[in-house]
Protein chains: 4
Amino acid sequence: MKALIINCTLKKSRADSNTEALARVLADELKKRGVESEFVRAVDHNILPGVTSNEGAGDDWPKIRSKILDAEILILASPTWVGRLSSVAQRAIERMDAFLSETDDQEYPVAYNHVAGFVVTGNEDGAKHVIAEMEASLLELGFTVPGQAWTYWNNGAALGSGYLENPESNGKKRAVKNAAIAASNLVAAAKALAAHPIPAPPD
Amino acid sequence: MKALIINCTLKKSRADSNTEALARVLADELKKRGVESEFVRAVDHNILPGVTSNEGAGDDWPKIRSKILDAEILILASPTWVGRLSSVAQRAIERMDAFLSETDDQEYPVAYNHVAGFVVTGNEDGAKHVIAEMEASLLELGFTVPGQAWTYWNNGAALGSGYLENPESNGKKRAVKNAAIAASNLVAAAKALAAHPIPAPPD
Amino acid sequence: MKALIINCTLKKSRADSNTEALARVLADELKKRGVESEFVRAVDHNILPGVTSNEGAGDDWPKIRSKILDAEILILASPTWVGRLSSVAQRAIERMDAFLSETDDQEYPVAYNHVAGFVVTGNEDGAKHVIAEMEASLLELGFTVPGQAWTYWNNGAALGSGYLENPESNGKKRAVKNAAIAASNLVAAAKALAAHPIPAPPD
Amino acid sequence: MKALIINCTLKKSRADSNTEALARVLADELKKRGVESEFVRAVDHNILPGVTSNEGAGDDWPKIRSKILDAEILILASPTWVGRLSSVAQRAIERMDAFLSETDDQEYPVAYNHVAGFVVTGNEDGAKHVIAEMEASLLELGFTVPGQAWTYWNNGAALGSGYLENPESNGKKRAVKNAAIAASNLVAAAKALAAHPIPAPPD
């Protein structure tokens, strides 16, 4: 069983990414449960605007799309900007819009029986809304989302430094605990669907 | 296997409810798959404000809470007012906030391994946002949501009449089709989790 | 110039309300700018479900509605439950839905040239989303919202105690500063519209 | 008085844009009230990821930023994808995040006393949520938003063709009417703030 973690930070490698730091906590928890994670930093790739699976010359999306469909678990990880998910995360969701009309060789919509989880960081309040937006988007595309399949971190009303620079705190401890819960629930849901798949939808 | 459908219309019985009309389409589709549905029209009951499972004298929530936990599938059905879910739906969500700290006799959070689906109607645009709000809320409380576990209906930009008065239309046909998909996915996910439950969360 | 502050806590008087505590900070800032505030704790009143201005016997909404229309500034103040606005706040918005079809004796929609501001508290992340929901609702009903017309407080990822019990912190200082900005912008926008009203909408 | 309309379609020129078609209806209504509009199709430009006003070599944002600040009225126009605003619209919002710390030569935050309006199209339900997201973002950045400063169009539950191909309908008529209301309110609010500006925020 594999997980793909798409880090939707606005910062290219090698800049530090707070979102990646918290996503790695989730990856560690997945690994404890036997699931290897691959990371993609989306902004390092040329993901063209559009809503098809291949937008033509220079489009890096097709290779990311393959990784999504090869993994049982997809993790969308986004920073919070102006209280909302990043444009990079929204771009990934737009490209997955094509999943709505794509079926595999057994007539299954391609996202069915894949599960999705979420990681959000930010300086300030906004994470739960970012999670809600990503949950609703992936559910509409056919992914299944188990309860409490997310972890987040921010300073609330206090602004202040990012996840990486922040000293050990109650908030960071809770984010780590939530990552463990998310990993447990994601792996269990993925296994349940592997054993008992949701069938292709009725016509 | 049982479903509980909480109709969160603002109108008391016996007023016609567009939301109930579409929820009955989903109930029929659940029945075809062997699942009986019970309906609760929340506004007929005295659900006190608060975030505990029993807010004291006169509170009708405890009996609704029992029905939720007795059913494998919960359907939240809401009208759309000013582009948002009804106050009655939000009240039900608030009362389920208590699920976050309640465990069953096997140490499971009470909402774990329950699945949730959604029905939304309205005159005008807004349904997907109402669905998103309800999805995020129930996921946070521990429910699992399979892909495409919803159906909705409205006139988009056109305003006009409600679901019940609306003549047969492409929109109504699509709502019926989406109800069948939702039923199929909800029943399959509930069965998958019954056979392979998500375990109690790590400490 | 007057402000009406509707506190949408779930707790009846005389229970302490964190939301009221932060709303009083905003009221103090409004007072410094010559604006008196009246508080209504909505849950103390019997606000019937519905979308008209008078839902009949026992409905306390008509008197609150009058206060809203008598004040140039409306402040909606809500706690955060499961990441969303309270059912009490949603109920108030639903009842204001009637404003869409009501005009004053000069043919103005009743909410035109009224301005709206927002106060949100909670233990945990979610405030900006609650603000966004309330902003969008009141804008749809005809209120004008100036920039940065809100203040909020929570602990972010840390959970922990509420606004009242929380020790002095960077977050609380920022909430006080934001209240001053909100008051300044609300009073200025209300004065601008008093001098130069938005006209009745074209047919 | 000038308006800048940023069309956030995913399709580059010269592809037809439903969003632009409805935005042109709003531009016509602005023109009737003495306001000229300039259109920018954002996806034709290289707007780099980031949250500063200039992200370096090749960044086309600085010239768009100047146009925003030169106009009294900003219109964000977005399609609806998976129920949400486009990645292109989110990118524009992220780049405006820098407005939070930028002041003009009179110590005003740069977005203060600018007003914002909204245009949203899509096949299916979702517009009001897209409007809400854009409203909340621009309000946080300092723009003022008058009531009912938007127009939208979609088919609701029916899917079907886009705005341009859609035959004359009740929905299209309502979108035109709402564009006239939006133009009236935007111009009036911009004039009110020009005559009575919101002052620089208190320290």
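Treat the numbers as computed from the prediction; the structure is a model and nothing was measured.

K.L.:
Now, about the overall build of chain A: what can you tell me, with residues and values included?
P.N.:
Helix and strand content of chain A: 5 helices and 6 strands. When its helices and strands are written in sequence order, chain A yields β-α-β-α-β-β-α-β-α-β-α. The C-alpha atoms of chain A give a radius of gyration of 16 Å, which matches the 17 Å a tight globule of 203 residues would have. Each of the three principal axes of chain A carries a C-alpha extent, and together these read 50 × 40 × 25 Å. Counting only residues that meet the buried cut, chain A has 64% of its 203 residues in that class. When contacts within chain A are restricted to residue pairs at least 6 apart in sequence, long-range pairs at least 24 apart make up 79% of them.

K.L.:
Break down the relation of the copies chain D and chain B for me, citing the residues and quoting the values.
P.N.:
If you rotate chain D by 180 degrees and push it 0.0 Å along the axis, it lands on chain B with an RMSD of 0.0 Å. Such a combination of turn and shift is consistent with a two-fold rotation axis. Relative to the rotation axis, the closest C-alpha in chain D is found at Gly156(D), a distance of 1.7 Å. The residues that chain D uses at the interface reappear at the interface of chain B in 100% of cases, marking a shared surface.

K.L.:
Give me the lowdown on the interface of chain D and chain B, citing residues and values where you can.
P.N.:
Counting from both sides, the interface comprises 21 residues of chain D and, opposite them, 21 residues of chain B. Where the side of chain D that touches chain B is concerned, the elements lending two or more residues are helix 4 (127-141), strand 6 (150-153) and helix 5 (170-195) of chain D. Tallied by class, the residues present in the side of chain D that touches chain B amount to 8 nonpolar, 10 polar and 3 charged.

K.L.:
For helix 4 (residues 127-141) of chain C, give the residues involved together with the corresponding values.
P.N.:
Residue and element names in this part refer to chain C. With 15 residues, helix 4 should reach 21 Å at 1.5 Å per residue; the first-to-last C-alpha distance of 21 Å fits that figure. Of all 15 residues that make up helix 4, 15 are buried, and the element is covered over most of its length. Trailing helix 4 by a residue or two, Gly-142 shows a phi angle of about 115 degrees, which is positive.

K.L.:
Would you mind going over the interface of chain A and chain B in detail, with residue names and values included?
P.N.:
Every contact between the two is made by 31 residues of chain A and, on the other side, 31 residues of chain B. Listing elements by their share of the side of chain A that touches chain B, those giving two or more residues are helix 4 (127-141) and helix 5 (170-195) of chain A. Broken down by element, the side of chain A that touches chain B gets its largest block of residues, 10 residues, from helix 5 of chain A. Partitioned by chemical class, the residues of the side of chain A that touches chain B number 21 nonpolar, 7 polar and 3 charged.

K.L.:
Tell me about unusual backbone geometry, and please be specific about residues and values.
P.N.:
Residues and elements named next belong to chain A. Cis peptide bonds are those with omega within 30 degrees of zero, and the linkage from Ser-13 to Arg-14 qualifies with 10 degrees. Topologically, Arg-14 is positioned in the loop between strand 1 (2-7) and helix 1 (18-32). One non-glycine residue, Val-82, lies in positive phi territory at about 50 degrees. Topologically, Val-82 is positioned in the loop between strand 3 (73-81) and strand 4 (84-85).

K.L.:
Quick rundown of the relation of the copies chain A and chain B? Include the residues and the values.
P.N.:
Here the two chain copies are tied together by a rotation about an axis and a shift along that axis. For the pair chain A and chain B, the superposition axis carries a translation of 0.0 Å, the fit reaches an RMSD of 0.0 Å, and the rotation angle comes to 180 degrees. The fraction of interface residues of chain A whose copies in chain B are also interface residues reaches 100%, indicating that both copies meet through the same surface.

K.L.:
Let's hear about the environment of Ala21(C): which residues, and what values?
P.N.:
Among the structural elements, Ala21(C) can be located in helix 1 (residues 18-32). Ignoring sequence-local partners within four residues, the contact set of Ala21(C) consists of Tyr163(C) and Leu164(C).

K.L.:
Can you tell me about the packing of helix 5 (residues 170-195) of chain C against helix 5 of chain D, naming the residues and giving the values?
P.N.:
Interaxial distance between helix 5 of chain C and helix 5 of chain D falls to 9 Å at its minimum, and their mutual angle equals 105 degrees. The angle between helix 5 of chain C and helix 5 of chain D falls in the class roughly perpendicular. Each of Ala192(C), Leu193(C) and Ala195(C) in helix 5 of chain C lies in contact with helix 5 of chain D, whose residues at this interface are Ala192(D), Leu193(D) and Ala195(D). Its residues placed into classes, the contact of helix 5 of chain C with helix 5 of chain D shows 6 nonpolar, no polar and no charged.

K.L.:
Now, about the pairing of strand 5 (residues 115-121) of chain D: what can you tell me, with residues and values included?
P.N.:
Looking down a regular strand, the side chains alternate between one sheet face and the other. All names here are of chain D. Along strand 5, 7 of the 7 residues are buried, which leaves the element largely enclosed by surrounding structure. Side chains of strand 5 alternate between two faces, with Val-115, Gly-117, Val-119 and Thr-121 and Ala-116, Phe-118 and Val-120 buried alike. In this structure, strand 5 lies alongside strand 6, joined through 4 bridges in parallel fashion. Residue pairing for strand 6: Phe-118 is matched across the bridge by Trp-150.

K.L.:
For the packing of helix 1 of chain C against helix 5 of chain C, give the residues involved together with the corresponding values.
P.N.:
Residues and elements named next belong to chain C. Helix 5 packs onto helix 1 with a crossing angle of 45 degrees between their chain directions and a minimal axis gap of 8 Å. Comparing the axis directions of helix 1 and helix 5 gives the class oblique. Viewed along their axes, helix 1 and helix 5 form a crossing whose handedness is right-handed. Where helix 1 abuts helix 5, its residues Leu-22, Val-25, Leu-26, Glu-29 and Leu-30 lie against Ala-175, Val-176, Ala-179, Ala-180, Ala-182, Ala-183 and Val-187. Its residues placed into classes, the contact of helix 1 with helix 5 shows 11 nonpolar, no polar and 1 charged.

K.L.:
Which residues make up the environment of Val187(B), and what are the values?
P.N.:
Mapped onto the fold, Val187(B) is located in helix 5 (residues 170-195). Distance from Val187(B) to Leu85(B), taken between C-alpha atoms, is 25 Å for residues 102 residues apart in sequence.

K.L.:
Quick one: what's the story with the confidence of the model for chain A, residue by residue and with numbers?
P.N.:
When pLDDT is low, close inspection of the predicted coordinates is not appropriate. The pLDDT averaged across chain A works out to 96; a share of 100% of its residues lies at or above 70. This prediction of the complex comes with two scores: 0.98 for pTM and 0.97 for ipTM.

Rules used throughout
Residues numbered from 1 in each chain as written. Chains lettered and ligands numbered in written order. Predicted model: local features only at pLDDT ≥ 70, side-chain atom pairs only at ≥ 80, totals over all residues. Helix = DSSP H or I, 4+ residues; strand = E, 2+ residues; numbered from the N terminus. Rg over C-alpha atoms; globule rule 2.2 N^0.38 Å. Buried ≥ 20, exposed ≤ 12 C-beta atoms within 10 Å, placed from the backbone. Contact = placed C-beta atoms within 7 Å. Least-squares fit on C-alpha atoms with pLDDT ≥ 70 in both. Nonpolar A, V, L, I, M, F, W, Y, C, P; charged D, E, K, R; others polar. Expected span 1.5 Å × (residues − 1). Axes fitted to C-alpha atoms, helices over the stretch in contact; angles between N-to-C directions. Parallel < 35°, antiparallel > 145°, perpendicular 65-115°, else oblique. Pairing = 2+ DSSP bridges. Left-handed = near helix turned anticlockwise from the far one by under 90°. pLDDT = per-residue confidence, 0-100.

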